Amino acid sequence: MFAPAWLSLSPQAASAQGRLEAQYEATLAGIPVGRGAWTIEIGDDSFAASAQGGTAGLLKAFSGGSGSGSSQGRVVNGALVANAYTATTTTQKKSETIRLSLAGGNVREFSIDPVPPVDPGRIPVLDAHRKGVFDPMTGSMLRVAGNGELLSPDSCRTGAGIFDGRLRYDLKLDYKRIEMVRAERGYHGPALVCAIYFTPVAGYIPDRPVIKYLATERRIEIAFVPIAGTRILVPFRMSIPTPLGLAMLEATSFVTSAAPPRVAKTN
């Protein structure tokens, strides 16, 4: 079975805890098309992440879409182990909510509301496809095991299985380079740039052009930077070449801080 090494559960004490508040801007061929926000809190034994965003400009003329998502769970030996994930997307035509309940990397329950129509061309998702996976939000956070250098080439050489309530896919990462990044507010420093490769497994319609395109595209990149006080790396920038130009999601504000250590109470 595919090993979810992206957030390895190898034994290791959590070095610290931290918080992130980030704002992102999406562009297509250099034209702003959307904005979003991401907040992550990592505590001693639990974590919570939430995101929201909407399209604007050119894309809004076609879809007027917006969305929100959240993931929460436990911190186990320094790794983030989600137990719940929710994502809602709204367009002019419809609104849809996906919910996942997880335990130890396995999906216990999931739902899509409203229930989508059955498409006979869709590759079915089997029980085995929902084991050893991450939700999309937790799966986008790269946990670096051990106590060595965070932004090292080896941190990129990993992968994960993702289930988003409809689609089961694998993501494989590989090292590309280290570069300096600067947000308008907050983080300024090195970023670990990884190539990312998408492989659909189940829940998809093989003839869909977007699936074919993503499965063969080899120029997708993600630049990761750390959440202060943790061994968790999160995306600062993501770029995807498209027939309409380069699609990019990049942080404009990236404010991260380590949580102060807890002081034991004494009588």
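A. Molecular detail of the overall build of the protein chain. Broken down by element type, the protein chain carries four helices and 15 strands. Expressed as a percentage of its 267 residues, the buried residues of the protein chain come to 43%. Surface exposure of the protein chain reaches about 13800 Å², of which carbon and sulfur atoms provide 57%.

B. Structural detail: the environment of glutamate 221. Checked against the element boundaries, glutamate 221 lands in strand β13 (residues 221-226). Under the relative-accessibility criterion, glutamate 221 is labelled buried at 12%. In the structure, glutamate 221 is positioned 27 residues away from methionine 248 in sequence and 9.6 Å away in space, judged by C-alpha atoms. In contact with glutamate 221, not counting residues within four places along its chain, are Lys176, Arg177, Val193, Cys194, Ile196, Arg237, Met238 and Ser239.

C. Up close: the pairing of β13. Counted residue by residue, β13 has six buried out of six residues, so it is predominantly covered. The alternating pattern of β13 places Glu221, Ala223 and Val225 and Ile222, Phe224 and Pro226 on opposite faces, both of which are buried. As paired elements, strand β12 (residues 188-202) and β13 share four bridges and run antiparallel to each other. Following the sheet pairing, alanine 195 is matched in β13 by glutamate 221. Hairpin connection of β13 to strand β14 (residues 232-242): five residues between the antiparallel strands, including glycine 229 at a positive phi of 80 degrees.

D. Quick look at the environment of valine 181. Within the secondary structure, valine 181 sits in strand β10 (residues 168-182). We classify valine 181 as buried; its relative accessible area is 5%. Spatially, the C-alpha atom of valine 181 lies 6.4 Å from that of alanine 191, the residues being ten residues apart in sequence. For valine 181, the residues in contact, after removing those within four places along its chain, are Tyr187, His188, Gly189, Ala191, Val225, Phe236 and Arg237.

E. Fine view of the pattern of salt bridges. Here the structure, examined in full by the defined rule, presents 13 salt bridges. Put simply, glutamate 96 and arginine 166 hold a salt bridge, and the shortest N to O gap is 2.8 Å. Taken together, the residues span a long stretch of sequence, with glutamate 96 in strand β6 (residues 95-103) and arginine 166 in the loop between β9 (159-163) and β10 at a distance of 70 residues. Overall, glutamate 96 belongs to the buried group, its relative accessible area being 10%.

F. The arrangement of the pairing of strand β4 (residues 66-76) in detail. As judged from the eleven bridges shared by β4 and strand β5 (residues 79-90), these two strands associate in the antiparallel manner. Bridge pairing in β5 places arginine 74 opposite valine 81.

G. Geometry of the packing of aromatic side chains. The tally for this structure, following the rule as stated, stands at six aromatic pairs. When the centroid spacing of 6.4 Å and the interplanar angle of 50 degrees are considered together, the rings of tyrosine 24 and tryptophan 38 count as tilted. On the criterion of sequence distance, the pair formed by tyrosine 24 in strand β1 (residues 18-28) and tryptophan 38 in strand β2 (residues 31-42) is long-range, its members being 14 residues apart. The class for tryptophan 38 is buried, based on a relative accessible area of 9%. Both rings, one in phenylalanine 236 and one in phenylalanine 254, keep their centres 5.6 Å apart while their planes meet at 50 degrees; by these two values the pair is tilted. Of this pair, phenylalanine 236 sits in strand β14 while phenylalanine 254 is found in strand β15 (residues 245-258), placing the two residues 18 residues apart along the sequence. A residue is classified by how much of its surface remains accessible, and phenylalanine 236, at 0% relative accessible area, is buried. The buried category is assigned to phenylalanine 254, whose relative accessible area is 1%.

H. Spotlight on the state of the cysteines. Under the criterion given, the structure shown has one disulfide. In this model, cysteine 156 is linked to cysteine 194 through a disulfide, with the two sulfur atoms separated by 1.8 Å. Across the disulfide from cysteine 156 to cysteine 194, rotation about the S-S bond amounts to roughly -80 degrees, and the bridge is consequently left-handed. Placement of cysteine 156 in helix α3 (residues 153-156) and of cysteine 194 in strand β12 is noted, with a sequence separation of 38 residues between them. For the pair cysteine 156 and cysteine 194, a shared accessibility class is recorded, and that class is buried.

I. The environment of aspartate 119, seen in detail. Position of aspartate 119 among the secondary structure elements: in the loop between β7 (106-113) and α2 (136-139). Overall, aspartate 119 belongs to the partly exposed group, its relative accessible area being 30%. Of the polar contacts made by the side chain of aspartate 119, one reaches the backbone nitrogen of glycine 121; its length is 2.9 Å.

Conventions adopted
- Per chain, the residues get numbers from 1 upward, laid out in the order the sequence is written.
- Totals for whole chains, interfaces and linings use every residue, but because this is a predicted model, local features are given only for residues with pLDDT of at least 70 and side-chain atom pairs only at 80 or more, for both listing and counting.
- Excluding hydrogens and water, the side-chain figures rest on all heavy atoms present in the structure.
- Helix numbering and strand numbering both begin at the N terminus, where a helix is a DSSP run of H or I of at least 4 residues and a strand a DSSP run of E of at least 2.
- Exposure is judged per residue with a 1.4 Å probe applied to protein chains only, and the accessible area is read against the type maximum: over 50% gives exposed, under 20% gives buried, and values in between give partly exposed.
- For the accessible areas, the method is Shrake-Rupley and the probe is 1.4 Å, while residue cover comes only from the protein chains on display.
- We call two residues in contact when some of their heavy atoms are within 4.5 Å.
- When DSSP finds two or more bridges between a pair of strands, those strands are recorded as paired.
- Each reported salt bridge corresponds to a side-chain nitrogen of Lys or Arg within 4 Å of a carboxyl oxygen of Asp or Glu.
- Aromatic rings from Phe, Tyr and Trp, with only the six-membered ring used for Trp, were paired whenever their centres fell within 6.5 Å, and each pair was classed as stacked if the ring planes differed by under 30 degrees, edge-to-face if by over 60, and tilted otherwise.
- By convention in this document, the label disulfide applies to cysteine sulfur atom pairs within 2.5 Å.
- Under the rule applied, a polar contact is a pair of N or O atoms within 3.5 Å (in protein, one hydrogen donor and one hydrogen acceptor; residues adjacent in sequence only if both atoms are side-chain atoms).

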